[in-house]
Structure formats: structure tokens, C-alpha cells
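Fold and contact review
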Amino acid sequence: MDNPLEITLGARMSAYLVSPEDYRKQRKRLNKRLNKLRHELNLITKDTKNYKSKEKISSITQQDYQNNDKYGLLLLLTAERDILYALEIKTQLEITNEKVSSYKNLMISKIKKSLLHCKKLLEITANEDNDIKVIELYTYTSLIQGLLSLTKKQWPLALNSFSIAKCSLDFILSKKQQQEEQEENEEQYETLIRELIESLVDPSLNLSINQSDDIQPTSDLKTISRIHCHDDFLPYLTNVVRKIEDLDSSFVSQISSSVELEKTIQWRDHEATIYNDEIAFKIMKLNNSDQWENFDDINEFDSLITGWNEVLDLHTNDQSKNQDDDDLEKVQDRAILLTFINYNLLFTRLKRDLVLIDQLTSSTNNSNKDTYRLYTGIVTICQNLQELPGVYNDDDLYESLQNLEAFFVGKKHIILAETYQQINKFNEALKIYDNSDKTISQIFAKGQPYKINEFPYKVTSNEEFLTFKQELNKKLLQSHISSQFLHDSQTSTGQQYVVENVNKYPSSLSDIFNTSKILPVLSKPVLFDVGYNYISYPSIGSSASSSSPAVSATTDSSAADQEASKRGGFFGIFGRG
């Protein structure tokens, strides 16, 4: 009995029960299972003459449950069988009007009987250690209590019971979503919880609110449930409220009681009222999170994106529930709020991608392919921003977003051009640089690129755009030089550069050399003498002495005289002649 809601309501929903016959077949299948379970637990009463005094189910104790949790399963399935009988009658009443009063009384008696089994189940599971299981049992009981209250038109009791059910289901769903790894059955379980909230609890809460005289109709059912879950109409259900409060008080406490909410938002020249306290609270937290400038991890931006996605889901559900609202002011406020949420969500994604690009650029294993892909995603985000409702009518914002797209398109093109340069395709790179430069120049010809003061998260500015334009001009000039040099090299020396063929030079450099003015330069012996006087050549001297030993003796005196005459003056230069 790990998941009581899945055993009962999950099986009921997966069976697609529509007609009275469907409910009857499901009840019979459950009876067969109960019969086997009673035999297994030895809870069969063979003498049915005085069944009430001899039946064994009502005598189940806490000790029995602690020894074997199948005793709890028996009570749970017994309660589910009785409620199936009640729903079978309810479906029958929707088809025919015969014997309405008698059928209605029978339906109420079956709901009461199911509720008695649930109360017995809560009693024997009082010492259960699994908090989620206990909360699920209370949730199931509160749903049956709510059905009984609706049938008897006891609106305050119905509001109290369904408020407890909603708080409990929200808590269970939150805990399941916090689990990092989920199996397929866990995903089905989450779907069941959402289906219960959307198709059973919320409509019942709306009905109870509309029938109550002291409560204004509202779409903020979460706030209503957190207020009325503390009502004292059903004392036996208050234990679950205290348990949830001990585990996480935010699910049973009113938001506005602990925080002063900002119930309005400002977007451009529009102001909108927020009619849902939970949405107002989440937006206030997201707007006050100024620590994004210190974020150095992508996961920190992912938490912001998750927060805006949660707000978007809440607002989308709120809009779907109020799509028939005749109040034009509220309709307009919700439309402005939707654009505000999407605007901030898209810019958060854009900033996250820019941080990721910075990390890739600074890493040693930078891949232009990954950077190019990220810039492509950023361009798509800019296009989505331009398509938001209300943006097109704002001339300054629309033009700024167009130029923002052109800015990141230029960044993307630089990455592509650098890739071409790396593989020596300078002509292709030059073409890309030239097109980008023309586009950016046209933007600056009209004035400042951005007509608004600042983008969210300071993704870029006019100063950064100007710096990018100057950088693009430098890259264009460098690419033009490389392309021209490649062209000249190919036409004159094949594929070789000058350093690879020193005997040839590009024909375009012919004007540099004027061969008609080139004259021969006579050598100056004195230069040789300067080096000769102070550089000895042992090999030459030895070979000379060995080849003519007779002559050396006769020439010593004359060589000495010549050497003395050469060394006259400053290094022998000014002592000659």
C-alpha cells in the first residue's frame, strides 16, 4: 500500500469509467480482490445471520496494521468499493429520473459507509512512518468527505475538505518533482496528481466558492485553499494540515500574511494588476534576485529559467480557467502579464546562452561549431521577442529588438568568417565580413541602435554595439589584405608565398623596384683591411708557411714594416696614404 491514491483513484481513472455498467464491472472486480484478501487475512465471517455483531473488519487494530499492512489495504479497497457503488448510482441518476429520492438516499448512505472505512483506516495508520502515505490517505478521505458535503449541499464543509485535498496534492506533487531520477511509473503518478487537481479538486472548489455568500469568486484557488484548510468544520482532517505545516509550512500558509505582495507589474508604458497571489509572489522573488551578475555557473541561470517557466504555467492555467471572463480590464491585464512573463523568460534564456558562449571562448577546447549553434539559438530568441503581443506597436522597442537581432547575427557571421579564414578561404571570409559591415553601417546611419534605456540582464548596450562595429571594421581590413595577398600569390607564384620562393615576387610589386636607376657599387678594400687586421686565419697561415719556407725569412722584415704602417692612426684607417 505504498501509493493509496494510485491504488484507488489511479485504477479508477485508468479504467475510463463512464456509464453505470462500467462502474458496476469495476466494483465487481474489486469485490473479487477483496474476497481473496479477506481469506488471506482470515477475516471471513461465515455466519451471516448476525453479521454486524460477528464481522471482523471493524475490529482491526493498529497492532494488526503494524504486523501486516495488508489490513490497511483491505480497509482502503473496502472504502473504494463503496464509493464506486455511490458513483454508479450518481451516474444512473444523470440518465434517468426514476426513483430519484430513494437512489439519492442510497448514494448518500454508500458515501457515508465509505467515509467510515476511511476514518477507521486513519485510526490504525496513526503511527505510520511514511509521511507521503499518510498524507495520501488523508487526501483520499477528504475527497470522499467533500463528495458527501457537495451531495448534501454543505458548502462550508465542502470548501474545507477540498481545500485540505488541494494543499495535500500540491505538497505531494512538489515532493515528487524534487526527485532527480524518475521512473516511468513515477511520471504516471505525477500525471494522476495533476489530473486530480484539474478535473476534480479545482472544479469542486469553484462550485463551493460560488455557492458561498461570504467569498468573492476568484481564480486564485491556491490562496483560497490555504486560507480555508485551517477551518475547524472537520476536526479529524486537521492532523494532515499540521503534518504538512511541520514538513513545509508554505503549502498551508497564506502568502499575503507573511509577505507584502506587489500586485501590479510595469512593462514599458503598460501597467497590469496581478489577480493571483502565488503568481505575484513568484514574480516578486524573481524580480528581486539581483545576484545574477555574480552568477558564474550555468545552473544558476537554469534556476531562474525554471522559476519563470513555473510562473508561465501558473498564468497559462489561470487564463484557461478565466477565458470566458467578461471583464475586459481583467482580460487586458492578463494579456499584459503574459507578455511580461514571456519577455523576461526569453531574456533569461538569452543571457544564459551568452554566459555559456563566454565560457566556451575562454576554454582551450573552444569549438566554433558550438559557438555558432548558440548564436543561432540567440537569434531565434530575438525573433521570438519581436513576435510577442504588444511589441510591434511599440516602435522604439520593436526597432531595438530588430537591431539586437542584427547584432547577434553579426556575431554569428564573425564566427563563420573566422572558420573560413582558418582553412585559408579568405575570399569567402571577406564576403561575409563585407555583408555584415554593410548591415551594421546601415543601422548606425539611422542613429543609436537601441532606442530603449536598457535590456533585461544588460545583455548588450549601444557602447558594446559601437565597439563591435569597430572590431568588425578591423577584421574586414585584415580579411581584405589576406584575400588580396592570396590572389596575388596565386597569379604570380602558383600557390607559394614569397617566403617559399625568394627568387620571385608578385607582379603588383614591380613599381617598387626601378631597375633603370640601379647602379653597381664598387667594393672598398679598406673594409676588407679593417676585418683582415683583426681576424686571424690559422689554417691559411700554416699552409702558407709550409708551402714556401725559404721566402718567409726574406719577407719578415718587409711584412713588419707594412704592418707598422697599417696600424698607424685610429684602427689604421686614418694612418694610410
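Since the model is a prediction, treat every value here as computed from it, not as a measurement.

Looking at the environment of Leu150
Mapped onto the elements, Leu150 comes out in helix H7 (residues 131-151). The class for Leu150 is buried, based on a relative accessible area of 19%. Remark: the alpha-carbon pair of Leu150 and Ser208, spanning 58 residues in sequence, is separated by 7.9 Å. Beyond its immediate stretch of four places on either side in the chain, Leu150 contacts Trp155, Ala158, Phe162, Ser204, Leu207 and Ser208.

With respect to helix H18 (residues 426-445)
Under the 1.5 Å per step criterion, the end-to-end length of H18 is 28 Å for 20 residues, consistent within 8% with the ideal 28 Å. Among all positions in H18, only Phe426, Ala429, Leu430, Ile432, Tyr433, Ser436, Asp437, Ile440 and Ile443 are buried. Taken around the axis of H18, the buried residues stretch over an arc of 160 degrees, which confines them to a single face. Opposite the buried face of H18, at more than 90 degrees from it, the exposed residues are Lys431, Gln442 and Ala445. Positive phi shows up at Gly447, right after H18, with a value of about 120 degrees.

Thoughts on the pattern of salt bridges
In this structure the tally under the stated criterion is 20 salt bridges. As a salt-bridge pair, Arg24 and Glu21 come within 2.4 Å of each other at their nearest N and O atoms. Taken together, the positions of Arg24 and Glu21, both in helix H2 (residues 20-40) and three residues apart, correspond to about one turn of that helix. Accessibility expressed as a relative area gives 25% for Arg24, which makes it partly exposed. A salt bridge links Asp318 to Arg334; its shortest N-O distance comes to 3.3 Å.

Details of the side chain of Thr460
Within the secondary structure layout, Thr460 lies in the loop between H18 and helix H19 (462-493). Classification of Thr460 as buried rests on a relative accessible area of 6%. Contact partners of Thr460, with chain neighbours within four places excluded, come to Leu404, Phe407, Tyr450 and Phe455.

Things to note about helix H10 (residues 221-228)
Burial analysis of H10 places seven of its eight residues in the buried class, which makes it a mostly covered element. Residues of H10 that are buried include every one of Leu221, Lys222, Thr223, Ile224, Ser225, Arg226 and His228, and no others.

Some points on the pairing of strand S2 (residues 270-273)
Pairing of strand S1 (residues 264-267) with S2 involves four bridges; the strand directions are antiparallel. Bridge pairing in S2 links Thr264 to Thr273. Between S1 and S2, which pair antiparallel in sequence order, lie two residues; one of them, Arg268, sits at a positive phi of approximately 55 degrees.

Looking at the packing of helix H5 (residues 70-95) against helix H6 (residues 100-124)
Any two packed helices are characterised by the angle at which their axes cross and by the distance between the axes. Where H5 contacts H6, the two axes come as close as 8 Å, and the packing angle between them is 160 degrees. As far as their axial angle goes, H6 and H5 are roughly antiparallel. The chirality of how H5 crosses H6 is left-handed. Of the residues contributing to the contact of H5 with H6, the split by class is 16 nonpolar, four polar and six charged.

Quick notes on the packing of aromatic side chains
Using the criterion set out here, one finds 14 aromatic pairs in the structure. The interplanar angle of 75 degrees and the centroid separation of 5.1 Å between the aromatic rings of Tyr392 and Tyr398 together place this pair among those described as edge-to-face. Judged by relative accessible area, which is 58%, Tyr392 ranks as exposed. Plain terms: the ring middles of Phe407 and Phe468 are 5.3 Å apart, the flat faces sit at 70 degrees to each other, and that makes the pair edge-to-face.

Some remarks on the nonpolar core
Grouped together as the largest cluster of nonpolar side chains are 73 residues, with contacts concentrated most on Ile60, Leu74, Ile111, Tyr140 and Ile193. It is H5 that provides the largest number of residues to this core, a total of 13 residues. Setting aside chain neighbours within four positions, we find Tyr140 in contact with Leu5, Thr8, Leu9, Arg12, Leu76, Ala79, Glu80, Ile83 and Cys118. With 61 residues, the next largest nonpolar core counts Ile265, Trp308, Val311 and Phe465 among its residues.

Rules of the game
- Residues numbered from 1 in each chain as written.
- Predicted model: local features only at pLDDT ≥ 70, side-chain atom pairs only at ≥ 80, totals over all residues.
- Heavy atoms only, no water.
- Helix = DSSP H or I, 4+ residues; strand = E, 2+ residues; numbered from the N terminus.
- Buried < 20%, exposed > 50% of the residue type's maximum accessible area, 1.4 Å probe, protein only.
- Contact = heavy atoms within 4.5 Å.
- Expected span 1.5 Å × (residues − 1).
- Arc of directions from axis to C-beta.
- Salt bridge = Lys/Arg side-chain N within 4 Å of Asp/Glu carboxyl O.
- Pairing = 2+ DSSP bridges.
- Axes fitted to C-alpha atoms, helices over the stretch in contact; angles between N-to-C directions.
- Parallel < 35°, antiparallel > 145°, perpendicular 65-115°, else oblique.
- Left-handed = near helix turned anticlockwise from the far one by under 90°.
- Nonpolar A, V, L, I, M, F, W, Y, C, P; charged D, E, K, R; others polar.
- Phe/Tyr/Trp six-rings, centres within 6.5 Å; stacked < 30°, edge-to-face > 60°.
- Core = buried A, V, L, I, M, F, W, Y, C linked by side-chain atoms within 4.5 Å.

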